[in-house]
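Architecture and fold: a report
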Amino acid sequence: MQEIFNIFIRSIFIDNMVFAYFLGMCSYLAVSKTVPTSVGLGLAVIFVLGITVPVDYLLNEFVLKPGAMAWLSSDFADVDLSFLSFVLFIAIIASMVQLVEMIIEKFSPSLYASLGIFLPLIAVNCAILGGSLFMQQREYQSLAQATSFGLGSGVGWFLAIVGIAAIREKIRYSNVPPALRGLGITFIITGLMGIAFMSFLGITI
Amino acid sequence: MKALRNLLDKQKPHFEKGGKFEKLHAAFDSVETLFYVPDKVTTKGSHFRDAIDMKRTMITVFIALIPALLFGMWNIGYQHFLSIGEQPDFWTMFFYGFFKMLPIIIVSYGVGLGLEILFAQIRNHEVNEGFFVSGLLIPMIVPPEIPLWQVGVAVAFAVIFGKEVFGGTGMNIVNPALTARAFLFFAYPTDISGDKVWIAEKLDSFSGATPLGNAMIGDFSNMPSAMDMFMGTIPGSVGETSTLMILIGAVILLLTGIANWRIMLTVFAGGYIMGLLFNLWGANAYMEVPAWQHLIMGGFAFGAVFMATDPVTGTQTTKGMYYYGFLIGMIAVLIRVFNPAYPEGMMLAILLLNVFAPLIDHYVIAGNIKRRLKRLKALTN
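Residues numbered from 1 in each chain as written. Chains lettered and ligands numbered in written order. Predicted model: local features only at pLDDT ≥ 70, side-chain atom pairs only at ≥ 80, totals over all residues. Heavy atoms only, no water.

Things to note about unusual backbone geometry
Residue and element names in this part refer to chain A. Selection criterion: Note on classification: 1.4 Å probe, protein chains only; a residue is buried when its accessible area is under 20% of the maximum for its type, exposed when over 50%, partly exposed between these limits. Only DSSP runs of H or I covering at least 4 residues are called helices, and only runs of E covering at least 2 are called strands; the numbering of each starts at the N terminus.
Even without a glycine there, the phi angle at Phe 22 is positive, about 55°. Look at Phe 22 and you get partly exposed, because its relative accessible area is 42%. A positive phi is found at Glu 139, a non-glycine position, where the angle reads about 50°. With respect to the helices, strands and loops of the structure, Glu 139 is situated in the loop between helix H6 (126-138) and helix H7 (143-170).

Digging into the packing of helix H3 (residues 35-64) of chain A against H7(A)
Residues and elements named next belong to chain A. Using the following cut-off: Geometry is summarised by axes, namely lines fitted to C-alpha atoms with helices restricted to the contacting stretch, and by angles between N-to-C directions that run from 0 to 180 degrees. For classification purposes, angles smaller than 35 degrees are called roughly parallel, those larger than 145 roughly antiparallel, those between 65 and 115 roughly perpendicular, and all remaining angles oblique. Here a crossing is called left-handed whenever its near helix is offset anticlockwise from the far helix by less than a right angle, and right-handed whenever the offset is clockwise.
For the pair H3 and H7, the least separation of the axes is 8 Å and the interaxial angle reads 165°. In terms of orientation, H3 lies roughly antiparallel with respect to H7. Judged by the sense of rotation from one axis to the other, the crossing of H3 with H7 is right-handed.

Considering the pattern of salt bridges
Selection rule: We count a salt bridge whenever a side-chain nitrogen from Lys or Arg sits within 4 Å of a carboxyl oxygen from Asp or Glu.
Tallying each qualifying case throughout the model produces five salt bridges over all chains. Among the salt bridges present, the one from A:Lys65 reaches A:Glu61, with a minimum N-O distance of 3.2 Å. Look at A:Glu61 and you get partly exposed, because its relative accessible area is 25%. A salt bridge links B:Asp9 to B:Arg5, with the nearest nitrogen and oxygen atoms 2.9 Å apart. Of the two residues, B:Asp9 and B:Arg5 are both situated in helix H1 (residues 2-15); the distance of four residues between them amounts to about one turn of the helix. Since its relative accessible area comes to 22%, B:Arg5 is described here as partly exposed.

Observations concerning the nonpolar core
Across soluble globular proteins, nonpolar side chains show a tendency to be buried alongside one another. What counts is decided by this rule: Each nonpolar core is a collection of buried residues, namely Ala, Val, Leu, Ile, Met, Phe, Trp, Tyr and Cys, held together in the definition by side-chain atoms within 4.5 Å. We call two residues in contact when some of their heavy atoms are within 4.5 Å.
Among the nonpolar cores identified, the biggest contains 166 residues, and A:Tyr28, A:Ile122, A:Trp157, B:Leu65, B:Phe302, B:Phe306 and B:Ile328 are the most heavily contacted of them. When residues in this core are grouped by element, the largest group, 14 residues, is from helix H16 (residues 346-380) of chain B. When neighbours within four sequence positions are excluded, B:Leu65 is seen to be in contact with B:Val133, B:Leu136, B:Leu137, B:Met140, B:Phe302 and B:Phe306.

A few points about the interface of chain B and chain A
The following threshold applies: Defined here as a combined quantity, buried area equals the accessible surface (1.4 Å probe) lost by two parts on assembly, summed across both. For this analysis, a polar contact is any N or O atom pair within 3.5 Å, provided that within protein one partner can donate a hydrogen and the other can accept it, and provided that sequence-adjacent residues contribute only side-chain to side-chain pairs. Each residue is assigned to one of three groups, with Ala, Val, Leu, Ile, Met, Phe, Trp, Tyr, Cys and Pro labelled nonpolar, Asp, Glu, Lys and Arg labelled charged, and all others, Gly among them, labelled polar.
Between chain B and chain A, the residue contacts involve 31 residues of the former and 31 residues of the latter. Between chain B and chain A lies a buried interface of about 2,700 Å² when both sides are counted; carbon and sulfur atoms form 75% of it. For the pair chain B and chain A, the number of links is three residue pairs in polar contact (both at pLDDT 80 or more). Within the residue set of the side of chain B that touches chain A, elements represented by two or more residues are helix H6 (148-163), helix H7 (176-187), helix H15 (318-338) and H16 of chain B. The dominant element in the side of chain B that touches chain A, judged by the number of residues it contributes, is H16(B), at nine residues. Broken down by class, the residue content of the side of chain B that touches chain A amounts to 23 nonpolar, six polar and two charged.

Bear in mind that shape data such as this cannot, by itself, settle questions of function.
Right, here's the structure in full:
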């Protein structure tokens, strides 16, 4: 239980997807213009990460890992399908994103309209694939750990995009040099936020 | 004074449009406003008329910093002579520290104001008094022996990326002084942390660890007494050691209404409550440090009084200030106790909340709008 909680906290603050690994930058930069939109996208990412990581965990555990198929019959005990991880992980992610898209379109058409192309693009959001690959690489021990890692990473990404959206709303009327307006200043803010998030770097829990 | 006014008036036409030094008008402007209040007044629209302006605000903060600065200078000398086992008189100690600090202050102001003037020139705005305080805060939070070029680089980074790219004074997201400190901390860690740096030219046999440095490695036997930590006769950066002097500054800031008491109070409250929680938990020796001691150790008081209360980078809404201050205090103590990488958490806690301050404001305002809409609905029905 303690370990699950630790993984959750660690993936939000210490191993933050955006500020520690700079993953998922494309939608982070593009959709962070207003807070409500970024909240919507952030929630979608939490949902997708929270589902894909545990599903991919099961897939990895029972199909892909070297010797994972031993539960079928002893003939498969030395089959190693891990070269398929990328393809299968992406397939799962894409189908989950499709699901999220349908749900959002049904229940919040306005959010669906404002997210636009970036909603289907969650499928190729590197933070999502990154979540599954980190899960595989760090060899989490149980489904619960993988789930808490997925949810935690999502919450970390959510915090990052909502934080920067609020800052971008605040600086909307600032006298930013013309050449830096838009993406340029967003990159600089991301860097400064990264410095601030370094406060948690090195905490071992 | 009259001669100065005459001199300025005589030079002024050269710097105005069409004059021969037209390009340098920002530099001239900054010199003029340093000595005289500009005679330009707003004529159109409705305005609050008040004697307070940015210049007066900045000078008040400057004055509030003076006690801590003077004490810090003396303390540099005191720590130095203590470490080599001499006991000279008061003025020797003070001037030793004074001449250690002076180059740092000069570099900080030189680089900072130079860049400000440059930006004002290129971007065609006026030089603000904004750097007046940051330029003094930076020397007060670095070690006395820091190489001067590092101060220059850090100040340049802070002024350009912390402030000017956002459009100058009043637009920045993170506190420029803390940006400079964080830049130094992550770029040149060996020159700004550890036991060696906090006492100028000390003998190697003498331990120069700060109380927080000792606490981090779990050495609680060498802790100075609470009285020493309160008075400030301990190793540490210039501004932070003396809680007493910082409190004098705090009184000045609060009486003049420059700093917001809500932020100051909640930062201390947050730190204290977090300390109490750790006391209850008590899993290791660091967690058993009395909660009130956290408030006088290291840069906690300095950050709470001079950094967290920065009106630009903090939250703007009244309700937001309580959350903002409280979280700063809690996270600062949390980082101290939990993070083995950094002995001091105050700097990073304030930076972190600077980043999230707009978000807090956003939700406070959204809450207000919602409540008023509800009230309106109740009225119209």
